[in-house]
Amino acid sequence: MTFGKNFLPGPTGVDQALLEAMVAPMFAHYGPHMRPILEEIQAPLRAMFGTSQPVFTVSSSGSGLLEAAIRSTVRDRVLVVVTGHFGEWWAQIAERCGKDVTRVEVPFGRTLEGPQLAALLDGPEVDAVAVVHSESTSGTLAPLADLAAVVRQRPNVLFLVDAVSSAGGAPIEMDRVGIDFVVTSSQKAMGLPPGLAFGAVSPRLAERAAGMDDAGSYFSVTRWIDLAIKFQLIETPALPVYQALRSQLRRIGAAGGWPARWERHRQLSARFGDWATTRGLEILARPGRRTPTVSVFRPPNGRSSAPIAEALEAQGFLVGQSIGADDGQTLRIGHMGDIEVEHLDALLTAFEPLIS
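The text that follows walks through the structure, step by step, so that each part is easy to find. (Residues numbered from 1 in each chain as written. Predicted model: local features only at pLDDT ≥ 70, side-chain atom pairs only at ≥ 80, totals over all residues. Heavy atoms only, no water.)

## Comments concerning the overall build of the protein chain
Where we set the bar: Each helix is a run of DSSP H or I of at least 4 residues and each strand a run of E of at least 2, with the numbering of both proceeding from the N terminus. C-alpha atoms define the radius of gyration, and 2.2 Å times the number of residues to the power 0.38 defines the globule rule. Note on classification: 1.4 Å probe, protein chains only; a residue is buried when its accessible area is under 20% of the maximum for its type, exposed when over 50%, partly exposed between these limits. Between two residues, a contact is recorded if the distance between any of their heavy atoms is within 4.5 Å. Using a 1.4 Å probe, the Shrake-Rupley method yields the accessible areas, and only the shown protein chains count as cover for residues. Neither His nor the chain termini are counted; the positive set is Lys and Arg, and the negative set is Asp and Glu. Throughout, a charge is located at the NZ atom of Lys, the CZ atom of Arg, the CG atom of Asp or the CD atom of Glu.
Counting its secondary structure elements, the protein chain contains 13 helices and 14 strands. In terms of C-alpha radius of gyration, the protein chain reaches 20 Å, essentially the compact-globule figure of 21 Å for 356 residues. Across its three principal axes, the protein chain shows a C-alpha extent of roughly 60 × 55 × 30 Å. The buried share among the 356 residues of the protein chain stands at 57%. For the protein chain, the share of sequence-separated contacts (at least 6 apart) that also reach a separation of at least 24 residues comes to 73%. Only carbon and sulfur atoms are counted for the fraction: they give 52% of the accessible area of the protein chain, which is about 14100 Å². Averaging the locations of the 32 positively and 37 negatively charged side chains of the protein chain gives two centres separated by 2 Å.

## Focus on the packing of helix α8 (residues 203–210) against helix α9 (residues 221–230)
Cut-off, in case you're wondering: To define axes, lines are fitted to C-alpha atoms, for helices over the stretch in contact only, and angles between the resulting N-to-C directions are given on a 0 to 180 degree scale. Should an angle lie under 35 degrees it is considered roughly parallel, over 145 roughly antiparallel, and from 65 to 115 roughly perpendicular; all remaining angles are considered oblique. Three categories are distinguished: nonpolar for Ala, Val, Leu, Ile, Met, Phe, Trp, Tyr, Cys and Pro, charged for Asp, Glu, Lys and Arg, and polar for the others, with Gly belonging to the last.
The geometry of α8 relative to α9 is characterised by a closest axis approach of 8 Å and an angle of 125° between their N-to-C directions. Classified by the angle their axes make, α8 and α9 are oblique. The residues of α9 that touch α8, namely those facing Leu 205, Ala 206, Ala 209 and Ala 210, are Val 221, Thr 222 and Ile 225. Residues belonging to the contact of α8 with α9 are distributed by class as follows: 6 nonpolar, 1 polar and no charged.

## Focus: the sheet that holds strand β2 (residues 56–58)
Basically, it comes down to this: Only strands joined by at least two bridges in the DSSP assignment are considered to pair.
Judged by pairing direction, the sheet is mixed, and its 7 strands sit side by side in the order β2-β10-β9-β8-β5-β3-β4 without closing on themselves. Each end of this open sheet is capped by a strand with a single partner; those strands are β2 and β4 (100–105). Here the strands of the sheet are splayed against their neighbours by 20° on average, with no regard to which way each runs. As paired elements, β2 and strand β10 (residues 197–201) share 3 bridges and run antiparallel to each other. Bridge pairing links Thr 57 to Phe 198 in β10. Seen against the sheet, helix α2 (residues 34–49) touches β2, β9 (181–185) and β10 and runs at an angle of roughly 65° to β10. Here helix α4 (residues 85–96) sits on the sheet and contacts β3 (77–82), β4, β5 (128–132) and β8 (158–162); the angle it forms with β4, its principal contact strand, is near 165°.

## Some remarks on the nonpolar core
Quick note on the threshold: Grouping buried Ala, Val, Leu, Ile, Met, Phe, Trp, Tyr and Cys residues that are joined through side-chain atoms within 4.5 Å yields what is termed a nonpolar core.
The biggest cluster of nonpolar side chains holds 53 residues, and the ones touching the most others in it are Leu 117, Val 129, Phe 159, Ile 179, Tyr 242 and Leu 245. Those residues in contact with Phe 159 that lie beyond four places of it in its chain are Val 129, Val 131, Leu 144, Leu 147, Ala 148, Val 151, Gly 178, Ile 179, Asp 180 and Phe 181.

## Some remarks on the sheet that holds strand β13 (residues 318–321)
One open sheet holds the 5 strands; their spatial order is β1-β13-β14-β12-β11, and the pairing between them is mixed. Edge positions in the sheet fall to β1 (6–7) and β11 (282–283), since each has one partner strand and no second. By the bridge criterion, 2 bridges tie β11 to strand β12 (residues 294–298) in an arrangement that is antiparallel. Bridge pairing links Glu 282 to Arg 298 in β12. Docked against the sheet, helix α12 (residues 305–314) engages β13 and β14 (331–334), running at close to 165° with respect to β13.

## Side note on the environment of Arg 208
To be explicit about the condition: For this analysis, a polar contact is any N or O atom pair within 3.5 Å, provided that within protein one partner can donate a hydrogen and the other can accept it, and provided that sequence-adjacent residues contribute only side-chain to side-chain pairs.
Relative to the elements of secondary structure, Arg 208 occurs in helix α8. For Arg 208, a relative accessible area of 11% corresponds to the buried category. Considered as a pair, Arg 208 and Gln 53 are 155 residues apart in the sequence and their alpha carbons are 16 Å apart. In this view, Arg 208 contacts Ser 72, Thr 73, Arg 75, Asp 127, Asn 156, Val 157 and Leu 158; residues no more than four positions away in its chain are not counted. A polar contact of 2.8 Å, which involves the side chain of Arg 208, links it to the backbone oxygen of Thr 73.

## A word on helix α3 (residues 62–73)
An α-helical turn contains 3.6 residues, so a residue and the one three or four places further along point in the same direction. Rules: Expected span of a helix: the number of residues minus one, times 1.5 Å.
Across its 12 residues, α3 extends 17 Å between first and last C-alpha, which sits within 8% of the 16 Å expected from 1.5 Å per residue. With respect to burial, α3 is a largely interior element, 10 of its 12 residues being buried. Buried residues of α3: Gly 62, Gly 64, Leu 65, Leu 66, Ala 68, Ala 69, Ile 70, Arg 71, Ser 72 and Thr 73, and no others.

## Section: the packing of aromatic side chains
Just so we agree on the cut-off: Two rings from Phe, Tyr or Trp (for Trp, the six-membered ring) form a pair when their centres are within 6.5 Å of each other. A pair whose planes differ by under 30 degrees is stacked, one over 60 is edge-to-face, and the rest are tilted.
The full count for this structure, using the stated rule, is 9 aromatic pairs. A ring pair is formed by Phe 56 and Phe 181, whose centres lie 6.2 Å apart and whose planes are at 80°; its orientation type is edge-to-face. Within this pair, whereas Phe 56 is found in strand β2, its partner Phe 181 is found in strand β9, the two being separated by 125 residues in sequence. The exposure class assigned to Phe 56 is buried, which follows from its relative accessible area of 2%. Note on Phe 181: relative accessible area 0%, which makes it buried. Arranged with centres 5.8 Å apart and planes meeting at 70°, the rings of Phe 297 and Phe 351 form a pair that is edge-to-face.

## With respect to helix α10 (residues 239–254)
With 16 residues, α10 should reach 22 Å at 1.5 Å per residue; the first-to-last C-alpha distance of 23 Å fits that figure. Regarding α10, the residues found buried are Leu 239, Val 241, Tyr 242, Gln 243, Ala 244, Leu 245, Gln 248, Leu 249 and Ile 252. Where the residues of α10 are buried, they touch α1 (16–21), α2, β2, β10 and α11 (257–278).

## Side note on the pairing of β10
Within a regular beta strand, the side chains point alternately toward one face of the sheet and then the other, so they alternate between its two faces. With 5 of 5 residues buried, β10 lies mostly within the body of the structure. Burial along β10 is two-sided: the residues Ala 197, Gly 199 and Val 201 and Phe 198 and Ala 200 are all buried. In terms of strand pairing, β9 meets β10 through 5 bridges, oriented antiparallel. Considered in β10, the bridge of Ser 185 is made with Ala 197.

Worth remembering: the numbers are spatial, not functional.
Structure, rendered in structure tokens:
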């Protein structure tokens, strides 16, 4: 399976050059070879998040940092916006951390808007609002700037963002928007293998995290910030993925940086949207609220998604199926990472006889 035929919403396909970077010999992560890597990756990761704050890298899935966000910010109650499977997953993480959770259930394929959030925050007090930016089960993109503006009107409420399937594929603008904790991981729009998670926090969240007594050790935000500033790691990291990360960030910089990458993802989403619309297919997310990294649509005439996905896999194409609320009724097309328009066009050609 070449990366150009992997259209899963994650893990994405990985370019051969990056796989080759991973087979370099191992070295002591606490020695002189690791610091130059950590120094080099810091600036492009900050640019990806749109922040001047240090970005910490952790050998973990993104879910580890979602738990860290809860443990570092929520004393009692968190409001979690649920627009699909991954919003519900974050709510469950918070509950398993012993927190009270106020779920805001948004109809599948829709997003919570600023005025709605403002009304909700007039209810029981919460310590934080948690939002999935790009919900890959519904294909929606939350209006972060609008939501953050509402949260910022309440000085004691922090704004937490799961950007696992958006960071690297869409602008985040953490500092300008006013995000307090942003999380992503390596296997999505960054086009890398699984194994690394990335996060950054605002100064006010760092202040609260320093006073929390339930942050743990491995998932301590306070500790991560300190290590990132010193360009250090303590635990043994996923060294091969760090090697691929450094190589990928160099490639991204040489190809026009993050703006060029964001534009390519936008074009891929628009290409799929045009193709689907001309064939009368229902894309779940409405225009203006579609994530540029994943397109989710219903097969025609109430057909099940499984036979279509299986027929595509027989031709070497991997696509995602439903998770959760719309089980068996949607197809999820990930067009992120290093996917180019010609790769997407090849998939769409294969789709044609399967949806007619």
